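This is what each chain is made of:
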Amino acid sequence: MAYTEGFMYFRFPNFIKYMEILELQHTIHDETKQGEAFAPFTADPNQYKKRFYIESYGCAMNFSDSEIVASILNTEGFGATKNFEEADLVLLNTCSIREKAEQTVRKRLTEFRKTKQKKPGMLIGILGCMAERLKNKLLEEEKLVDIVVGPDAYRSLPALIEEAEGGQKSVNVLLSRDETYADISPVRLDSNGICAFISIMRGCNNMCSFCVVPFTRGRERSRDAYSIIAEANDLFSRGFREVTLLGQNVDSYHWIDETKNETVTFAMLLEKVALVSPHLRVRFSTSHPKDITDEVLYTMAKHENICKYIHLPVQSGSSRILQLMNRTYSREWYLAKVDRIKEIMPDCSISADIITGFCTETEDDHQETISVMEYSKYDYSYMFFYSERPGTLAEKRYDDDIPEETKRRRLAEIIEVQNRLSKESNLKDIGKVYKVLIEGESKKNSADWKGRTSQNKVLIFPKENYAFKAGEYAMVKVNECTQGTLLGKIVTPNPLKGIADILISKK
Ligand code: 5AD
Ligand code: SF4
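First, a word on scope: everything that follows refers to the structure included in this document. None of the values given here were measured: they were computed from a predicted structure.

1. So, the overall build of the chain
Argument step 1. Looking only at helices and strands, one finds 15 helices and 21 strands in the chain.
Argument step 2. For the chain, the residues scored as buried account for 47% of the 507 residues in total.
Argument step 3. Excluding contacts between residues fewer than 6 apart, the proportion of contacts in the chain whose partners are at least 24 apart in sequence is 71%.

And the structure:
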């Protein structure tokens, strides 16, 4: 049986297990959404003269960028469609983080070939990290591509489309030191109307040796704090009840408010967003262990509506490998950070990203990764085997010397450890009562609600006769669990409404 990369591994050996893991995954890199096309509801289908179709791959940042692209295209008279065959413009927002992500996009392009033959006027554009990495080369290699646009050049899309409509292939992959798209109001493409992403910064200055992101997304820059707060306020007033502040490294958010001559740190921003409303949940991703401060942890502890969950990628448990990865912390330093989180917020859940088979990794290094997992008791992890990326520091400096078979075997081993840790973590929740934000009906059963705890665990519970709606909070007692999901029962009516407001329609 073929293994695939990362936690996609689950898809083949055990589909049920895979589905459970997906329920447990948060929305940061959602495998269920990879490559899915999204389009918002429009009341008037004739509002737009042309149609665009967009598929997104990779991290939440890319999905969030697609919403900015949609907004830019709307103002140019393009409306979204979920059917690429009727589109005038087909866009793929791509990811380069691992080789497999790029292969997926190449394969997808061959599927568009037939449609383009039938409809020669249809334009095909590649956006995102693959566009940035491959630039003009992409036009040579993929003849049917008309437009190539890097992550900092989306404002030039209208001009590039015009050029391409005139028969000219067009490219803009300029990276910027200050583009944050702060003034563009994203069109929410795949929205449950409850949870939304807010991009707070772009790029990354960290230069982890395995990572292509600093090359594809450029230097780090932070978005104007006022525009972030305005976006959070707007989302709340439209009924959204959870925002996730997004950035490659949110803890290094740093914005100077020139009107007050004040520096806004990530902790300060987090507090400002939390103060939008106590009924708006705030999450963030991703943190770098070297940058998350006590100030951030205390701010999280202070505000009930800042979710008690931190995604804290470890990558490896071996100090020697961490140094080769240029992560700038040691195993001990990371473990001390885990201790600090638990000391300040004993109920905080932690997840991680882990890479197996990085250059020179020995069995002892691998065992050190397992022991960090055991110590940190991750509620879940995103696990990958190392995929060498052209142009990265690791590609230039080190030999990719671990056989693929070993990388995959180690990956399977850490997945097994994580499965056990996730199950143990869920078992500990049995008997506890959680405040759950209801996101919608359970996919498996319309008589059940699906919501999330502050710790980012999915909790499924029967609707019974309570008059709850999506976007409301319920107090739910956990009675059972699977590896990936908690199952419970409502114990008290909506804590944000008076009991008199609750309609219990017992006949
Ligand atoms: N190979 C495997 N995994 C990688 N990641 C980043 N680059 C690579 C690579 N070259 C993983 C890291 C990162 C996550 C987003 O993807 O774990 O945190
Ligand atoms: Fe890549 Fe490291 Fe930046 Fe994350 S922090 S995007 S892994 S370079």
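Moving on, there is more to tell.
2. Brief notes about the sheet that holds strand S6 (residues 170–172)
Argument step 1. Strands sit in the order S2-S1-S3-S4-S5-S6 across an open sheet of six strands; the sheet is parallel. Strands with a single pairing partner mark the edges of an open sheet, and in this sheet they are strand S2 (78–80) and S6. On average, adjacent strands in this sheet sit at an angle of 20° to one another, irrespective of strand direction.
Argument step 2. Here three bridges tie strand S5 (residues 147–149) to S6, and the two strands are oriented parallel to one another.

3. Brief notes about the site of ligand 2
Argument step 1. For ligand 2, the full set of nearby residues is Cys-204, Asn-206, Met-207, Cys-208, Cys-211, Val-213, Pro-214, Gln-248, Asn-249 and His-288.
Argument step 2. The residue makeup of the shell around ligand 2, split by class, is six nonpolar, four polar and no charged.

4. Overview of the nonpolar core
Argument step 1. Ranked by size, the top nonpolar core spans 116 residues in total, and within it Leu-270 and Val-273 carry the most contacts.
Argument step 2. If we skip the residues at most four places from it in the chain, Leu-270 touches Val-282, Phe-284, Val-296, Thr-299 and Ile-306.
Argument step 3. Ranked by size, the runner-up nonpolar core spans 16 residues in total, among them Tyr-434, Val-436, Ile-460 and Phe-461.

5. Re the environment of Leu-437
Argument step 1. On the secondary structure map, Leu-437 appears in strand S17 (residues 433–441).
Argument step 2. Owing to 23 C-beta atoms within 10 Å, Leu-437 belongs among the buried residues under this scheme.
Argument step 3. With 196 residues separating them along the chain, Leu-437 and Arg-241 place their C-alpha atoms 8.0 Å apart.

6. Digging into helix H15 (residues 404–429)
Argument step 1. Between its first and last C-alpha atoms H15 spans 37 Å; for 26 residues at 1.5 Å apiece the expected length is 38 Å, and the two agree.
Argument step 2. One or two positions beyond H15, positive phi appears at Gly-431, with a value near 95°.

7. Points about the environment of Val-148
Argument step 1. Here Val-148 is to be found in strand S5.
Argument step 2. Along the chain, Val-148 and Leu-160 lie twelve residues apart, while their C-alpha atoms are 8.7 Å from each other.

8. Topic: the site of ligand 1
Argument step 1. Taken together, the neighbourhood of ligand 1 is formed by Ile-97, Arg-98, Phe-210, Cys-211, Pro-313, Gln-315, Asp-353, Ile-355, Phe-384, Tyr-386, Ser-387 and Arg-389.
Argument step 2. Class assignment for the residues of the shell around ligand 1 results in seven nonpolar, two polar and three charged.

9. Structural notes on the sheet that holds strand S19 (residues 458–462)
Argument step 1. Overall, mixed pairing links the five strands, which are arranged S17-S18-S19-S21-S20 in a closed barrel. Neighbour-to-neighbour, the strand axes of this sheet turn through a mean angle of 55°, independent of strand direction.
Argument step 2. Sheet analysis places S17 next to strand S20 (residues 473–481), joined by five bridges and oriented antiparallel. Bridged to Leu-437 within S20 is Tyr-473.
Argument step 3. Its contacts with the sheet put H15 on S20 and strand S21 (486–492), and the angle it makes with S20 is roughly 120°.

10. Things to note about the pairing of strand S1 (residues 50–56)
Argument step 1. S1 sits mainly inside the fold: six of its seven residues count as buried.
Argument step 2. Where S1 lies against S2, three bridges are found, and the strand directions are parallel. For Arg-51, the partnering residue across the bridge sits in S2 and is Gly-79.
Argument step 3. Relative to strand S3 (residues 89–94), S1 is paired through five bridges, and the arrangement is parallel. The partner of Glu-55 across the bridge, within S3, is Leu-92.

11. Some details on the environment of Cys-307
Argument step 1. Counting through the fold element by element, Cys-307 comes out in the loop between helix H10 (294–302) and strand S14 (309–311).
Argument step 2. Once the C-alpha coordinates of Cys-307 and Arg-283 are considered, the two residues, 24 residues apart in sequence, prove to be 5.6 Å apart.

12. Things to note about the packing of helix H9 (residues 266–274) against H10
Argument step 1. The interhelical angle for the contact between H9 and H10, taken along N-to-C directions, is 15°, at an axis separation of 8 Å. Considering their axes alone, H9 and H10 lie roughly parallel with respect to each other. The crossing of H9 and H10 is right-handed. Mapping the contact onto sequence places Phe-266, Ala-267, Leu-270 and Glu-271 in H9 and Glu-295, Val-296 and Thr-299 in H10.
Argument step 2. Here the residues of the contact of H9 with H10 are counted per class, giving four nonpolar, one polar and two charged.

13. Structural notes on helix H3 (residues 99–118)
Argument step 1. An ideal rise of 1.5 Å per residue puts 28 Å on 20 residues; H3 measures up with 31 Å between its terminal C-alpha atoms.
Argument step 2. Helix geometry: H3 is bent most strongly at Phe-112, by close to 30°.
Argument step 3. Those residues of H3 lying buried are Ala-101, Glu-102, Val-105, Leu-109 and Phe-112.
Argument step 4. Each element contacted by the buried residues of H3 is listed here: S3, strand S4 (123–128) and helix H4 (129–134).

14. Focus: the packing of helix H13 (residues 363–376) against H15
Argument step 1. Running from N to C, H13 and H15 point in directions that differ by 15°, and their axes come no closer than 10 Å. On the basis of the axis angle, H13 is roughly parallel to H15. For the pair H13 and H15, the sense of crossing is right-handed. Every residue of H15 that contacts H13 at His-366, Thr-369, Ile-370 and Met-373 is listed here: Arg-410, Ile-414, Val-417, Gln-418 and Leu-421.
Argument step 2. Residue composition of the contact of H13 with H15, grouped by class: five nonpolar, three polar and one charged.

15. Overview of unusual backbone geometry
Argument step 1. With an omega of 5°, the peptide bond between Ser-285 and Thr-286 qualifies as cis.
Argument step 2. Mapped onto the elements, Thr-286 comes out in the loop between strand S13 (281–285) and H10.
Argument step 3. In the Ramachandran plot, Met-207 falls in the positive-phi region, its phi being about 55° despite a non-glycine side chain.
Argument step 4. Counting through the fold element by element, Met-207 comes out in the loop between strand S8 (201–202) and helix H7 (213–217).
Argument step 5. One non-glycine residue, Thr-360, adopts positive backbone phi at about 70°.
Argument step 6. Relative to the assigned elements, Thr-360 resides in the loop between strand S15 (349–356) and H13.

Basis of the calculations
- Residues numbered from 1 in each chain as written.
- Chains lettered and ligands numbered in written order.
- Predicted model: local features only at pLDDT ≥ 70, side-chain atom pairs only at ≥ 80, totals over all residues.
- Helix = DSSP H or I, 4+ residues; strand = E, 2+ residues; numbered from the N terminus.
- Buried ≥ 20, exposed ≤ 12 C-beta atoms within 10 Å, placed from the backbone.
- Contact = placed C-beta atoms within 7 Å.
- Pairing = 2+ DSSP bridges.
- Axes fitted to C-alpha atoms, helices over the stretch in contact; angles between N-to-C directions.
- Near = placed C-beta within 6 Å.
- Nonpolar A, V, L, I, M, F, W, Y, C, P; charged D, E, K, R; others polar.
- Core = buried A, V, L, I, M, F, W, Y, C linked by C-beta atoms within 7 Å.
- Expected span 1.5 Å × (residues − 1).
- Parallel < 35°, antiparallel > 145°, perpendicular 65-115°, else oblique.
- Left-handed = near helix turned anticlockwise from the far one by under 90°.
- Bend = angle between axes of the 7 residues up to and from the residue.

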